[in-house]
Amino acid sequence: MGAQKSIHAGKAKIDVNVDFTHKLCASLMLPPLRNTGSPLSLVIGSLCIKHPNLFGGSEKLDVSWDKGLYDSNVLVAYRRPRPEWLSQQCFVIQHSLSPEIGVHGVPVDNFSRSGSGGVNLSRLSLGLDISEPTSSKWSSTTSVKFEHVRPVNDDWRPITRDLDGFPVTCSGSKHDSMVVLKQESRYAKATERSFSRFSMQIEQGIPVLSKWLIFNRFKFVASKGVKLGPAFLLTSLTGGSIVGDMAPYQAFAIGGLGSVRGYGEGAVGSGRSCLVANAELTFPLNKMLEGAVFFDCGTDLGSGRHVPGNPALRQGKPGSGAGLGYGFRYRSPLGHLQLDCAINAFQQKTVYFGITNLAT
């Protein structure tokens, strides 16, 4: 439910997308995070400008702006041409504004949903992404970025403490600053009947200044898919940990779509460490419709109490949980629709509805 338009201005291309679909879904199934007020806040959309030859030497410039119901993201990326056997470099400037629900959100309805905890994050980052030449199965990306994180309340005013009076930054001031060196490696292998994927991210906070955050954070995702006759079984395991300086918003949030279904975002817990396992079996119902049954579980490995301010304990999050459910997948040339219904350990039902690549 929306509109899309592409405009060519010289060599540049401008893509505009305005969509009401997510607002409709959210109004049916999600509690409002705040009073949206202006009618323009009901609209989500995106604007993308691409130039393939900025200075006449095949330099590429991409500028994109995405607006959601409660969040927005602006990204500027500049790429210089390099031979394929050399690493590819991309200069990136990004600013995002989004609710921090995973850690500071308040669980409601037996942990099946999460409401606003009055904390939002304004993030500014700029730096360099370096992509190494891809081998047959492995690929890797290295980035060095400066990040400036500023917590704000629901009125977009800077804050230093949450609603319970606990600090929301590591420094105790109105913002955190850091230089982050990030290495990401990916492995993928596929055959006619199965595939395997693995990714590992390692982030290191570099102490350029004494007040900047120093930490080491890693996260891995391993997944395996196997055909079982007409059905398909997908399993995955996700884990991670962080040591050193830490702000509450850096904790691993457990719960929600893409984590443990049956719970709201971050409603299972938030900790310095996490481990989440997922299993989903899909089977065809007709040419375009698939059914699915799934089981998710996750835990903070007892690390929730080590997050500054212990937000998970204050909100009564259990620290571990499991969800069981069923769903439907509708696939067409116009886009994909996903409907999941899950029940958590508190016997509370949650419905998830997702739409991707839906054309007018």
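Residues numbered from 1 in each chain as written. Predicted model: local features only at pLDDT ≥ 70, side-chain atom pairs only at ≥ 80, totals over all residues. Heavy atoms only, no water.

Novice: Help me understand a nonpolar patch on the surface, please; the structure alone is not making it clear to me.
Specialist: On the surface, a cluster of nonpolar side chains totalling about 490 Å² of accessible area is made up of Leu 285, Val 293, Tyr 326, Phe 328, Leu 339 and Val 351. Looking at where Leu 339 falls in the secondary structure, it is placed in strand β20 (residues 335–344). We classify Leu 339 as partly exposed; its relative accessible area is 36%. (Patch = residues over 30% accessible without salt bridge, like charges linked within 9 Å, V, L, I, M, F, W, Y side chains within 5 Å. Areas by Shrake-Rupley, 256 points an atom, 1.4 Å probe, with all protein chains shown as cover. Salt bridge = Lys/Arg side-chain N within 4 Å of Asp/Glu carboxyl O. Helix = DSSP H or I, 4+ residues; strand = E, 2+ residues; numbered from the N terminus. Buried < 20%, exposed > 50% of the residue type's maximum accessible area, 1.4 Å probe, protein only.)

Novice: When you look at the nonpolar core in this model, what are you seeing that I'm missing?
Specialist: The tendency in soluble globular proteins is for nonpolar side chains to be buried side by side. Core analysis: the biggest nonpolar cluster contains 22 residues, and Met 178, Phe 215, Tyr 249, Ile 254, Val 260 and Tyr 263 have the highest contact counts within it. Of all the secondary-structure elements, those providing two or more residues to this core are β11 (176–190), β15 (252–254) and β17 (273–284). When neighbours within four sequence positions are excluded, Met 178 is seen to be in contact with Lys 145, Phe 146, Glu 147, Val 149, Trp 212, Leu 213, Phe 215, Tyr 249 and Gln 250. (Core = buried A, V, L, I, M, F, W, Y, C linked by side-chain atoms within 4.5 Å. Contact = heavy atoms within 4.5 Å.)

Novice: Would you explain unusual backbone geometry in this entry?
Specialist: Among all residues save glycine, negative phi is the norm, and among peptide bonds the norm is trans. A positive phi angle, close to 55°, is found at Asn 110, a residue other than glycine. Position of Asn 110 relative to the elements: it lies in the loop between β7 (106–108) and β8 (113–115). Taking relative accessible area as the criterion, Asn 110 reaches 42% and is therefore assigned partly exposed. We note that Asn 310 has phi near 45°; this positive angle belongs to a residue other than glycine. Inspection of the secondary structure assignment puts Asn 310 in the loop between β18 (289–299) and α3 (311–314).

Novice: What should I look at first to understand the pattern of salt bridges in this one?
Specialist: Pairing is possible between side chains that carry opposite charge, provided their charged atoms lie close to one another. Counting across every chain of the model gives 13 salt bridges. Between Asp 129 and Lys 145 there is a salt bridge, with its nearest N and O atoms 3.7 Å apart. You can see Asp 129 sitting in strand β9 (residues 120–131) and its partner Lys 145 sitting in strand β10 (residues 138–152), a full 16 residues away along the chain. A network of salt bridges, in which partner residues are shared, links Arg 261, Glu 280, Asp 296, Arg 329 and Asp 340.

Novice: Please clarify how the packing of aromatic side chains should be interpreted in this entry.
Specialist: Aromatic ring pairs are reported here in terms of the distance separating the ring centres and the angle at which the planes meet. What the rule picks out here adds up to five aromatic pairs. Between Phe 195 and Phe 232, the aromatic rings sit 6.0 Å apart at their centres with planes inclined by 15°, giving stacked as the arrangement. You can see Phe 195 sitting in strand β12 (residues 194–206) and its partner Phe 232 sitting in strand β14 (residues 231–244), a full 37 residues away along the chain. What makes Phe 232 partly exposed here is its relative accessible area of 24%. Three or more aromatic residues link up through ring pairs in this structure, and these residues are Phe 55, Tyr 78 and Phe 91. The ring of Phe 195 has Arg 197 lying over it, and the distance from NZ or CZ to the ring centre is 4.6 Å. Over the face of the ring belonging to Phe 252 we find Arg 217, whose NZ or CZ atom lies 4.1 Å from the ring centre. (Phe/Tyr/Trp six-rings, centres within 6.5 Å; stacked < 30°, edge-to-face > 60°. Lys NZ or Arg CZ within 6 Å of the ring centre and 35° of its normal.)

Novice: Hey, could you run me through the side chain of Ser 303 in this one?
Specialist: Take Ser 303: it is sitting in the loop between β18 and α3. Of note is the side chain of Ser 303, whose polar atom sits 2.6 Å from the backbone oxygen of Asp 300. Excluding anything up to four places from it in sequence, Ser 303 contacts Gly 271, Arg 272 and Ser 273. (Polar contact = N/O pair within 3.5 Å; in protein donor to acceptor, adjacent residues only side chain to side chain.)

Novice: Where do I start with the side chain of His 104 in this structure?
Specialist: Along the polypeptide, His 104 turns up in helix α2 (residues 101–104). With a relative accessible area of 4%, His 104 lands in the buried category. Other than its neighbours up to four places away in sequence, His 104 contacts Gly 117, Val 119, Asp 162, Val 168, Pro 248, Tyr 249 and Gln 315.

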